[in-house]
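Structure at a glance
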Amino acid sequence: MSWEEVFQFWRDNEGSSENWKNVAKKRGFSTWAEWRLQSYAQPLGCETASWGYYEIAKPAKVIAGFFGGPFRTWVEKYYDNEKTKRISELVKISEIREHQGIQAMKDNFPKENIIICLRHKGNFYVIEGMHRACALALMNEEKDYSIKKIHFAIGESKIENLPIVGQNMLNKNKS
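Residues numbered from 1 in each chain as written. Predicted model: local features only at pLDDT ≥ 70, side-chain atom pairs only at ≥ 80, totals over all residues. Heavy atoms only, no water.

A few points about the confidence of the model for the protein
Applied cut-off: The predictor attaches a confidence to each residue, and that confidence, scored 0 to 100, is pLDDT. A helix here means a DSSP run of H or I that spans at least four residues, while a strand means a run of E at least two residues long, and both kinds are numbered starting from the N terminus. In this analysis, two residues are considered to be in contact whenever any of their non-hydrogen atoms come within 4.5 Å of each other.
Taken as a whole, the protein shows an average pLDDT of 92; of its residues, 95% reach a score of 70 or greater. Here helix α2 (residues 18-26) stands out as the least confident element of the protein, with mean pLDDT 92; strand β2 (residues 67-68) is the most confident, with 98. In the predicted structure, residues 168-175 sits below a pLDDT of 50 and forms 12 contacts with residues beyond four places in sequence or in another chain.

A few points about the nonpolar core
One recurring pattern in soluble globular proteins is that nonpolar side chains are buried together. As a reminder, the rule being used: The criterion is simple. A nonpolar core is a set of buried Ala, Val, Leu, Ile, Met, Phe, Trp, Tyr and Cys residues joined through side-chain atoms within 4.5 Å. Buried residues are those whose accessible area, probed at 1.4 Å on protein chains only, stays under 20% of the maximum for their type, while exposed residues exceed 50% and partly exposed ones sit between those limits.
If you look at the biggest cluster of nonpolar residues, it comprises 56 residues, and the most contacted ones within it are Trp51, Trp74, Ile87, Leu90, Val126, Leu136 and Phe152. When residues of this core are assigned to their parent elements, the largest contribution, eight residues, is made by helix α9 (residues 130-141). For Leu90, the residues in contact, after removing those within four places along its chain, are Trp74, Tyr78, Tyr79, Lys85, Ile96, Met130 and Cys134.

Some thoughts on helix α3 (residues 32-41)
Residues spaced three or four apart along an α-helix point in a common direction, a consequence of the helix completing one turn every 3.6 residues. Basically, it comes down to this: This arc is built from the directions going out from the helix axis to the C-beta atoms.
Burial within α3 is extensive, with seven of its 10 residues counted as buried. Residues of α3 that are buried include every one of Trp32, Ala33, Trp35, Arg36, Ser39, Tyr40 and Ala41, and no others. Buried residues of α3 fall within an arc of 165 degrees about the axis and therefore sit on the same side. Buried residues along α3 sit in contact with α1 (3-15) and α2.

As structure tokens, then:
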């Protein structure tokens, strides 16, 4: 599949959200797409990744072994200033366990959704769908395997090192 198709999934998941549009504007971008492309997709090499579309059985078990994306906010708040943590480790953090949105997803997981990941040097990193991934990992802890399968867009990364992303690229020298 093409990067454009994958980005359309991302847009479908959050591009119409007023909350995410406001975050983009606060960070100095004119649109949600400009923000996500410049601050996330381009630095992560999404355009050059080889993408595929997969149906994953037992997603609660599978996602627990994936890593969170290398997002600046998550690094600072949840990763103890490391570049990433496994999703199974993240759900041990009380703020994530008790997060209202994650709890709501755990209790009523969205039927139609696609989680977007990059595979880099043998590891899988969630780059879109972190809250859904955490909800699934909590379900795994509770041995709730009611979600039988979900779809993933997974890109094989071609970049040497995954950077920490998410800073305002327009004012990156100020961060």
